[in-house]
Amino acid sequence: YVVAMDSDEATVGALYERIRGQQTNVLPLLVDLMNPSPSQGWAQEERRGLGERGAADFALCLALVHHLAISGNVPLSKIVEWLSTITEAGVVEFVPKSDPMVQALLRTRQDVYSGYTQVAFEKALREQFEITDVACLPKSERVLYQFCHKQR
């Protein structure tokens, strides 16, 4: 099963329209990770919050880290620590400050993100996971990291 989450309503809607009417195991969800769904219902026990619904076997985190770090002011170490609670393995993309999308985010705020570097991200990732592969994306400075939990 695939749970596809994004905070962009148009993106989630487009995925829904694309798979509507098909036999598929994809559930598109509109989710704001900076303000995820809490437990709800009587005594907050009828519907579990996002964080209580269980960890994934694999997470694909594309164009996520820079939004949480720059827009949400979440330190890289906290992002990776959270990632370690939601998945056993996955792929995560690091988008450097030189990227046009990060530059667009920084246009509306003071750049106080001196800790937002690839070296710092790799260090945080290694503290929680084993990095099993690294791939630099062509015609970009973006980097994909394949990871899994360290042997316990």
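What comes next concerns the included structure. Remember, it's a predicted structure, so these values are computed and weren't measured experimentally.

**Focus: the pattern of salt bridges**
Here's step 1: For the structure on display, the rule yields 8 salt bridges.
Here's step 2: Salt-bridge contacts for Lys-78 lead to Glu-81; the nearest nitrogen and oxygen are separated by 3.8 Å. Taken as a pair, Lys-78 and Glu-81 lie in helix H3 (residues 76–86) at a separation of 3 residues, close to a single helical turn.
Here's step 3: For Lys-78, a relative accessible area of 45% corresponds to the partly exposed category.
Here's step 4: In this structure, Lys-123 engages Glu-127 in a salt bridge whose closest nitrogen and oxygen atoms are separated by 3.0 Å. With Lys-123 and Glu-127 both in helix H5 (residues 118–128), this residue pair falls 4 residues apart, about one helical turn.
Here's step 5: For Glu-127, a relative accessible area of 47% gives the class partly exposed.
Here's step 6: Three or more residues are tied together by salt bridges with common partners; here these are Glu-93, Asp-99 and Arg-142.

**Observations concerning H5**
Here's step 1: Those residues of H5 that fall on the buried side of the exposure criterion are Phe-121, Ala-124 and Leu-125. On an axial view of H5, the arc spanned by its buried residues comes to 100°, and they lie on one face. Across from the buried face of H5, at angles greater than 90 degrees, the exposed residues are Val-119 and Lys-123.
Here's step 2: Buried residues along H5 sit against helix H2 (65–71), H3, strand S4 (89–94), strand S5 (129–136) and strand S6 (143–149).

**Some thoughts on the environment of Gly-13**
Here's step 1: Summarising the element assignment, Gly-13 is placed in helix H1 (residues 9–19).
Here's step 2: C-alpha of Gly-13 to C-alpha of Leu-30: the two residues are 17 residues apart in sequence and 8.6 Å apart in space.

**Looking at the pairing of S4**
Here's step 1: Of all the 6 residues making up S4, 6 are buried; the element is thus mostly covered by neighbouring parts of the structure.
Here's step 2: Across the two faces of S4 the burial is the same, with Ala-89, Val-91 and Glu-93 and Gly-90, Val-92 and Phe-94 all buried.
Here's step 3: Relative to S6, S4 is paired through 6 bridges, and the arrangement is antiparallel. In the strand pairing of S6, Val-92 is matched with Tyr-145.

**Comments concerning the nonpolar core**
Side chains of nonpolar character tend, in soluble globular proteins, to be buried together.
Here's step 1: The biggest cluster of nonpolar side chains holds 27 residues, and the ones touching the most others in it are Val-92, Tyr-116, Phe-121, Leu-125 and Tyr-145.
Here's step 2: Those elements giving two or more residues to this core turn out to be strand S3 (59–61), H2, H3, S4, helix H4 (100–106), H5, S5 and S6.
Here's step 3: Once residues lying within four places of it in the same chain are set aside, the contact partners of Phe-121 are Val-65, Leu-76, Val-80, Val-92, Phe-94 and Tyr-145.

**Digging into empty space enclosed by the protein**
Here's step 1: Across all of its chains, the model carries 1 cavity of 30 Å³ or more by this definition.
Here's step 2: Taken as a whole, the largest cavity spans an internal volume of roughly 30 Å³.
Here's step 3: Taken together, Leu-64, Val-65, Ile-79, Trp-82, Leu-83, Val-92 and Phe-121 form the lining of the largest cavity.
Here's step 4: In terms of residue count, the dominant contributor to the lining of the largest cavity is H3 (3 residues).
Here's step 5: Within the lining of the largest cavity, the residues separate by chemical class into 7 nonpolar, no polar and no charged.

Scoring rules and cut-offs
Residues numbered from 1 in each chain as written. Predicted model: local features only at pLDDT ≥ 70, side-chain atom pairs only at ≥ 80, totals over all residues. Heavy atoms only, no water. Salt bridge = Lys/Arg side-chain N within 4 Å of Asp/Glu carboxyl O. Helix = DSSP H or I, 4+ residues; strand = E, 2+ residues; numbered from the N terminus. Buried < 20%, exposed > 50% of the residue type's maximum accessible area, 1.4 Å probe, protein only. Arc of directions from axis to C-beta. Contact = heavy atoms within 4.5 Å. Pairing = 2+ DSSP bridges. Core = buried A, V, L, I, M, F, W, Y, C linked by side-chain atoms within 4.5 Å. 1 Å grid on protein atoms, 1.4 Å probe; cavity = no way out; pocket = protein on both sides within 12 Å on 5 of 7 lines; lining within 4 Å. Points joined across faces, edges and corners; volume = space filled by probe spheres on them. Nonpolar A, V, L, I, M, F, W, Y, C, P; charged D, E, K, R; others polar.

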